[in-house]
Amino acid sequence: MPDDADTETLMGVLTRDAHVGSRKNSSTEPCKAARLKMSRRTRVASRLILLLGMIIGLVSAGPATAQPDTSAVITGEVVDAQTGSPLPLANVIVDGRSLGTTTDQNGRFRLGDVPPGRQTLRASYVGFETERREVTVRAGSTFNVRIALVPVDMEVEGVTVTGRRVEEQALGTETMTPQEVQNLPTILEPDLFRSLQLLPGVKAASDFSSGLYIRGGSPDQTLIRLDQATIYNPTHVFGFFSTFNPDAIGDVVLYKGGYPARYGGRLGAVVDIQNRRGADHTIEGGVSLGLLASRAYGTGPYEVGGRAGTWMAAARRSTIEPLLSGLQAADVGDIPEGFYFWDVNAATQLNVTDRDRLSVSLYAGRDQLDFPFLSDVVFDISYGNRAGTVSWQRVIGDNLTTQVSLAGSHYFADPKADIANTQFVRDNDVFDVAADAQSTLSAGSHTLEGGVRAGRFVSRLRNFFNGDRNYSPSFRTVYGSAYLQDTYRATDDWTVTGGVRASYFGEGTNLRVAPRLTLEHRLTDRVRLQAGYGRYYQYLTAASTELFSAFDFWLTTDDQVPPAFGDQFVAGVKTQPRENLRVDVELYYRTLRDLFEFDRLYTDYTGLDYPEVFRFGDGYAAGAEFMVRRREGTVNGFISYALSRTRREFDRFENGQVFAPKYDRLHDLTAVLRYDFAEDWRATAVFTYATGQAYTEPSGYYKLVDDPTLSRPRDVLQSDYNASRLPAYHRLDVGVRRKGDFFGIGTYEARMQLVNAYGRRNIWFVIFEPTQGNTIERNVVPQIPVPLPNLSLTVNF
């Protein structure tokens, strides 16, 4: 039986979220200062844009390399040979010459200044066999080619998690394929976000969280896109896994920082996920059985009016119910009475004409939990996501591609709690519907990209205690953005990418302009130097309870709450000492200004003006990332290391002192190795090491006896916030996979994995409780404390 203090503590977590005060247009000192600084920032941004234009103008004014009378142009697209899906950011290079480019988001490319005669094109993409194509071009002509890349047999390709060939890998960018996600040791279920957490610069909060902490930023500072739709709470099992079914996703691009002008609205990073495209030759499918969930998918071609199309459908559902029933029968305490989750994906693409393509994709998912917690606390939690995108792509001529899209998403959460006969109910909805148009034009040594996006954002939060509705903030606003970007190949060795993005957000009538600039120099055929700068704005912030992700909600800027912004500076060296070996180094520094976070120090928000529910502050993050990668061979994989530091300071928190957030870690080391020790057999190992998280260690405590918000005296712990460190985190996961023929109708993959192989008891958090003897009792809550086995079987046909 918990005592009254336990109940009050749990109630406090919920009530602090429910009493957000009225949104009056009154001023506060921090907001006045923010507005006074804005005009100066606008002038600085204008000067940066002017400088950007001067740089591009000076470079462009140099001697032109294009010679239309004596050179040719090669255009085309790079696609997946099995599915026909376009491959964005694939490399296309003219062998023996310093000519190369990457494909756009639609898999299209353009190579200018190609000498006439016979040339060999080399196209490559991670997870696919490199294709060489001989073409003969004439001076003054344009040659169009379609290159289909064949996915490599995973027996050969290995478990490389990131990257394209060094010749064209973009600054701060990583890619990942579904095969890579499914071939890493996992906790019960293959997961995209947990695979991304292995990359340098990407951190995890714990073994139980799939949240992405990228280069010193919190998860709400990362934009998550699924086929143009923004996803606001991409989790299953209350944060344990991400929303995305590995059978349903196509290519994934992660921009860790310095991301291009076509993205915006977040301070830190972007995860751009494309739904898998259906196979365009034969019907394919598969079934996977696992301890936590089982999956099934199918893809194939179809024809409408003589025009070819493809379809894809995938479904996943939890299968953990029998285990929960067994634990309940064994009278194991604190076991959910009911739990399940499911999700479905569907996508189709139709070639309406030879130059027009219609694409439609849909997603739906839901989690449900009935959980008795302690003796007098019961949670009934339901939440999920819906998303859909309709897009039309048209190719105009040989050098212009356009795409218009309509995308929408809906996040909903309906948690209920009964705590000591006190009922709490929350009804939370987030809607985001947007239309956008994008174009890419290749003209000589320039590749111009531009686009506009306009949408409506609605956040509706309603809270009830014992049937009485408390004040609940809601937002309905329009937003929009426009961008223009030019990638200019000044010479064979120099490339300049400059862009500018303007954004508008209706809450607070905020209009901001942000410049972007990237420089790349090919020092030799095997060494590239890169540098970039960008300014970024964010109009939203997530209030996280850190209890269940279903309790999280979103707040926006206001007339008195300016948007957060930051500058990012990135530099990198990409090298390829050998054909099968890559060594990459990246350095970054980013500022975080005008951060606005939900202030959890209040126990009652009733009557507060809207700006007063926030704490305002600044911060920074800096780091160096190293990766050594071997792509092929009997033993391959990568080793990465990140050295980083991030700090925050808020005006109404810890007297404005600078502190380390919990996800600040000085050292992060990851090793992913794969060994093909026999035909059809593979062993995989993943080792991670990280500096212990920052936490608060109390040095003493006292009793507050006159607190009017509580019915009994409060125990107050004295400490410096996050001044201590947990012990270092380290874990080894191992796995074995066997491939073979499945009764002549398909192939199978059987996996046996062991997570936390040597049983490291990494600490999740520490609870400090005063005792009757006026001492402080320290209770450690571990993460995965023992080796955790996992078995799965996949059959593909």
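Residues numbered from 1 in each chain as written. Predicted model: local features only at pLDDT ≥ 70, side-chain atom pairs only at ≥ 80, totals over all residues. Heavy atoms only, no water.

Enquirer: What exactly am I supposed to notice about the overall build of the protein here?
Expert: Along its length, the protein carries six helices and 48 strands. Across the 797 residues that make up the protein, the buried fraction comes to 56%. Summarising the internal contacts of the protein: among those between residues at least 6 apart in sequence, 65% fall at separations of at least 24. Total accessible area computed for the protein in this model is approximately 32300 Å², and 57% of it derives from carbon and sulfur atoms. (Helix = DSSP H or I, 4+ residues; strand = E, 2+ residues; numbered from the N terminus. Buried < 20%, exposed > 50% of the residue type's maximum accessible area, 1.4 Å probe, protein only. Contact = heavy atoms within 4.5 Å. Areas by Shrake-Rupley, 256 points an atom, 1.4 Å probe, with all protein chains shown as cover.)

Enquirer: What should I look at first to understand the pattern of salt bridges in this one?
Expert: Any two side chains of opposite charge can pair, on the condition that their charged atoms come close. This structure, assessed with the given rule, holds 34 salt bridges. Glu449 is the partner of Arg262 in a salt bridge, and the nearest nitrogen-oxygen pair spans 3.3 Å. Taken together, the residues Arg262 in the loop between strand S15 (249-255) and strand S16 (269-275) and Glu449 in strand S26 (residues 446-465) connect sequence positions 187 residues apart. For the pair shown, Arg262 and Glu449 are each scored as buried. Asp436 is the partner of Arg453 in a salt bridge, and the nearest nitrogen-oxygen pair spans 2.8 Å. Of this pair, Arg453 sits in strand S26 while Asp436 sits in strand S25 (residues 422-443), placing them 17 residues apart in sequence. One exposure class covers both Arg453 and Asp436, and it is buried. (Salt bridge = Lys/Arg side-chain N within 4 Å of Asp/Glu carboxyl O.)

Enquirer: Help me understand the pairing of strand S31 (residues 527-538), please; the structure alone is not making it clear to me.
Expert: Two faces make up the sheet, and in a regular strand the side chains alternate between them. The buried fraction of S31 amounts to nine of the 12 residues, a majority that puts the element mostly inside the structure. Here strand S30 (residues 510-524) folds back onto S31 in antiparallel fashion, the turn holding two residues. Pairing geometry for S31 and strand S34 (residues 564-578), over 12 bridges, is antiparallel. Of the residues in S34, the one forming a bridge with Ala531 is Ala571. (Pairing = 2+ DSSP bridges.)

Enquirer: Any chance you could explain the nonpolar core here in plain terms?
Expert: Nonpolar side chains tend toward joint burial in soluble globular proteins. Counting 39 residues, the largest nonpolar core has Tyr232, Phe238, Leu292, Phe339, Phe379, Ile381 and Phe457 as its most contacted members. Secondary-structure elements contributing two or more residues to this core are strand S20 (338-351), strand S21 (356-373), strand S22 (377-396), strand S23 (400-413), strand S24 (416-419), S25 and S26. In this structure, Phe457 is in contact with Tyr232, Val430, Phe431, Asp432, Phe475, Arg476, Thr477, Tyr479, Phe505, Leu540 and Thr556, ignoring residues within four places of it in sequence. (Core = buried A, V, L, I, M, F, W, Y, C linked by side-chain atoms within 4.5 Å.)

Enquirer: What is the right way to look at the side chain of Lys256 in this model?
Expert: Here Lys256 is to be found in the loop between S15 and S16. Residue classification places Lys256 among the buried residues on the basis of a relative accessible area of 3%. Of the polar contacts made by the side chain of Lys256, one reaches the side chain of Glu174; its length is 3.2 Å. Setting aside residues up to four positions removed in sequence, Lys256 forms contacts with Gly172, Glu174, Pro200, Val202, Ile214, Arg215, Gly268, Ala269 and Glu625. (Polar contact = N/O pair within 3.5 Å; in protein donor to acceptor, adjacent residues only side chain to side chain.)

Enquirer: Could you clarify how one ought to interpret the pairing of strand S17 (residues 284-290) in this entry?
Expert: The pairing of S17 with strand S18 (residues 293-304) spans six bridges and is classified as antiparallel. Following the sheet pairing, Ser288 is matched in S18 by Arg295. Connecting S17 to the antiparallel partner S18 that follows it, the hairpin turn spans two residues. Bridging between S17 and strand S48 (residues 788-796) involves five bridges; their strand directions are antiparallel. Note on S48: the bridge partner recorded for Val287 is Val795.

Enquirer: How should I be thinking about the packing of aromatic side chains in this particular structure?
Expert: How two aromatic rings sit relative to each other is given by the distance of their centres and the angle of their planes. Here the structure, examined in full by the defined rule, presents 32 aromatic pairs. Taken together, a centroid distance of 6.1 Å and an interplanar angle of 75 degrees make the contact between Phe379 and Phe551 edge-to-face. Of this pair, Phe379 sits in strand S22 while Phe551 sits in the loop between strand S32 (540-543) and strand S33 (553-556); the two residues are 172 residues apart in sequence, bridging distant segments of the chain. Each member of the pair, Phe379 as well as Phe551, carries the same accessibility label: buried. Aromatic side chains Phe742 and Phe743 sit 4.9 Å apart centroid to centroid with 75 degrees between the ring planes, which places their arrangement in the edge-to-face category. A relative accessible area of 23% means that Phe742 is categorised as partly exposed. One aromatic cluster is present, built from ring pairs that chain together Phe208, Phe240, Phe241, Trp764 and Phe765. One cation-aromatic arrangement involves Arg615 over Phe653; the distance from NZ or CZ to the ring centre is 4.3 Å. (Phe/Tyr/Trp six-rings, centres within 6.5 Å; stacked < 30°, edge-to-face > 60°. Lys NZ or Arg CZ within 6 Å of the ring centre and 35° of its normal.)

Enquirer: Is there a simple way to think about the sheet that holds strand S6 (residues 131-137) in this case?
Expert: The strands making up a sheet associate through backbone hydrogen bonding, with each pair oriented either parallel or antiparallel. Here four strands make up an open sheet; going across it, the order is S3-S2-S5-S6 and the pairing antiparallel. Two strands close off the open sheet at either side, each with one partner strand: strand S3 (99-102) and S6. Between one strand axis and the next, the sheet turns through 20 degrees on average, direction left out of account. (Axes fitted to C-alpha atoms, helices over the stretch in contact; angles between N-to-C directions.)

Enquirer: What exactly am I supposed to notice about a nonpolar patch on the surface here?
Expert: Taken together, Val635, Tyr675, Phe677 and Trp681 make up a surface patch of nonpolar side chains, about 370 Å² in accessible area. Exposure remark for Val635: the relative accessible area of 41% places this residue in the partly exposed category. (Patch = residues over 30% accessible without salt bridge, like charges linked within 9 Å, V, L, I, M, F, W, Y side chains within 5 Å.)

Enquirer: How should I be thinking about the side chain of Glu284 in this particular structure?
Expert: As for its placement among the helices and strands, Glu284 is situated in strand S17. Apart from the residues within four sequence positions on either side, Glu284 is in contact with Arg276, Ala279, Tyr297, Gly298, Thr299 and Phe797.

Enquirer: Please explain unusual backbone geometry as it appears in this structure.
Expert: Glycine aside, residues mostly have negative phi, and peptide bonds are mostly found in the trans state. We note that Asn655 has phi near 55 degrees; this positive angle belongs to a residue other than glycine. With respect to the secondary-structure elements, Asn655 resides in the loop between strand S37 (635-650) and strand S38 (667-678). Given the relative accessible area of 76%, Asn655 is considered exposed. Phi is positive for Asn722, which is not a glycine, with a value near 50 degrees. Relative to the assigned elements, Asn722 resides in the loop between strand S42 (714-718) and strand S43 (724-725). With a relative accessible area of 11%, Asn722 lands in the buried category.

Enquirer: Would you take a moment to explain the confidence of the model for the protein for this structure?
Expert: The predicted coordinates of low-pLDDT regions are not to be read in fine detail. The pLDDT averaged across the protein works out to 82; a share of 82% of its residues lies at or above 70. Overall, residues 1-42 carries pLDDT values under 50, and its contacts beyond four positions in sequence, including any with other chains, amount to 102 contacts. Across residues 44-69, confidence stays below pLDDT 50; counting only partners more than four residues off in sequence or on other chains, it has 29 contacts. (pLDDT = per-residue confidence, 0-100.)

Enquirer: Sorry if this is basic, but what is going on with the sheet that holds S15 here?
Expert: With respect to topology, five strands assemble into an open sheet ordered S8-S15-S16-S11-S12, the strand pairing being mixed. The open sheet is flanked by strand S8 (173-176) and strand S12 (229-230), the only strands paired with a single partner. With four bridges joining them, S8 and S15 adopt antiparallel strand pairing. Note that in S15 the partner of Met176 across the bridge is Val252.

Enquirer: Teacher, can you tell me more about the environment of Ser544 here?
Expert: Residue placement: Ser544 occurs in the loop between S32 and S33. Ser544 sits in the partly exposed class, given a relative accessible area of 35%. Sequence-wise, Ser544 and Phe598 are 54 residues apart; in three dimensions their C-alpha atoms are separated by 8.6 Å. Leaving out residues up to four positions away in the same chain, Ser544 has contacts with Asp552 and Arg600. Among the polar contacts made by the side chain of Ser544, one reaches the side chain of Asp552 at a distance of 3.4 Å.

Enquirer: Looking at this structure, how should I read the environment of Asp651?
Expert: Following the sequence through the fold, Asp651 ends up in the loop between S37 and S38. C-alpha of Asp651 to C-alpha of Phe616: the two residues are 35 residues apart in sequence and 5.9 Å apart in space.

Enquirer: Would you mind going over the environment of Glu321 with me for this structure?
Expert: Take Glu321: it is sitting in helix H6 (residues 321-329). Along the chain, Glu321 and Tyr340 lie 19 residues apart, while their C-alpha atoms are 7.3 Å from each other. Those residues in contact with Glu321 that sit more than four places away from it in its chain are Phe339 and Tyr340.

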